[in-house]
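Summary of the model geometry
Here is how the chains run, residue by residue.
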Amino acid sequence: GGATLGLVGWGGGQMIIPGMTHQYMALNQLAATGVSLFSLSLSSISSSVRFATSDSACLVTAASIAIPSIVTARFGTQLASRLSNDALEFAFNSLSLVMIPTHLYIQQRRHAQQLAQPPPPTSTGAAAAAAGAPAAT
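Positions within a chain are numbered from 1, following the residues in the order the chain's sequence is written. Side-chain atom pairs in this predicted model are given and counted only at pLDDT of 80 or more, local residue features only at pLDDT of at least 70, and totals for whole chains, interfaces and linings cover all residues. Here the side-chain values reflect all heavy atoms present in the structure, with hydrogen atoms and water set aside.

Bringing the overall build of the protein chain into the picture now. Secondary structure summary: the protein chain contains 6 helices and 0 strands in total. The secondary structure listing takes helices from DSSP runs of H or I that are at least 4 residues long and strands from runs of E that are at least 2 residues long, numbered from the N terminus. Put simply, the protein chain runs from its N terminus to its C terminus through helices and strands in the order α-α-α-α-α-α. Only protein chains enter the area calculation, which uses a 1.4 Å probe; residues under 20% of their type maximum are buried, those over 50% are exposed, and those in between are partly exposed. Looking at the 137 residues of the protein chain, the share that counts as buried comes to 11%. Note on definitions: a residue-residue contact is assigned when non-hydrogen atoms from the two residues lie within 4.5 Å. For the protein chain, long-range pairs separated by at least 24 residues make up 49% of all intrachain contacts whose partners lie at least 6 apart in sequence. Carbon and sulfur atoms form 68% of the exposed surface of the protein chain, whose accessible area is close to 10,600 Å². Note that accessible areas follow from Shrake-Rupley with a 1.4 Å probe, and for residues the cover is restricted to the protein chains shown.

Right, here's the structure in full:
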């Protein structure tokens, strides 16, 4: 879980929670979610420090995401504590089915947009002058 979190920023929950709800660990969905969130929170701190110290994170953008998330996470945990185990499993699986293909689509669309952008202009006048041709006026 921690390796995928550090590598791509998500994924631990998609591996940890199903493992903990398996018959050998036999945690219910709420307990598995709690264990996953707590353990990933600790590894997130480690990863985020690494990204921030290597100038790979925009702290203003991160704060603009984190602050509302901190506030709304309380509502999510309250809702989760009121739902049945079956309802939580359904919500987890439904969100996974929606979010993973959505993320893939967004990445493919961004890649296609990058390919469609024209290359930056080059200085043909400077290249011609360097080759000994007269500059165009």
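So, next bit.
Looking now at a nonpolar patch on the surface. Nonpolar side chains (Val, Leu, Ile, Met, Phe, Trp, Tyr) within 5 Å and like charges within 9 Å form the patches, drawn only from residues with over 30% relative accessible area and no salt bridge. In the sections that follow, a salt bridge refers to a side-chain nitrogen of Lys or Arg positioned within 4 Å of a carboxyl oxygen of Asp or Glu. A grouping of Phe 38, Leu 42, Ile 45 and Val 49 is seen on the molecular surface, where their side chains present a nonpolar patch of about 420 Å² in accessible area. Mapped onto the fold, Leu 42 is located in helix α3 (residues 29-53).

Before going further, it helps to examine helix α4 (residues 59-82). Each helix should span, by expectation, one fewer than its residue count multiplied by 1.5 Å. Across its 24 residues, α4 extends 34 Å between first and last C-alpha, which sits within 8% of the 34 Å expected from 1.5 Å per residue. Ile 70 marks where α4 bends most, by close to 30 degrees. The quantity called bend is, for any residue, the angle between two axes fitted respectively to the seven residues ending at it and the seven beginning at it.

Backbone geometry at Ala 26 places phi at a positive 55 degrees, although glycine is not the residue there. Within the secondary structure, Ala 26 sits in the loop between α2 (12-21) and α3. Although it is not a glycine, Asp 55 adopts a positive phi angle of roughly 55 degrees. Tracing the backbone through its elements, the reader meets Asp 55 in the loop between α3 and α4.

Looking now at the confidence of the model for the protein chain. Residue-level confidence of the predictor is summarised by pLDDT, bounded by 0 at the bottom and 100 at the top. Looking at the protein chain, pLDDT values average 79 and 80% of them are 70 or higher. In the model of the protein chain, helix α1 (residues 2-8) stands out as the element of lowest mean pLDDT, 53, in contrast to α4, which has the highest, 89.

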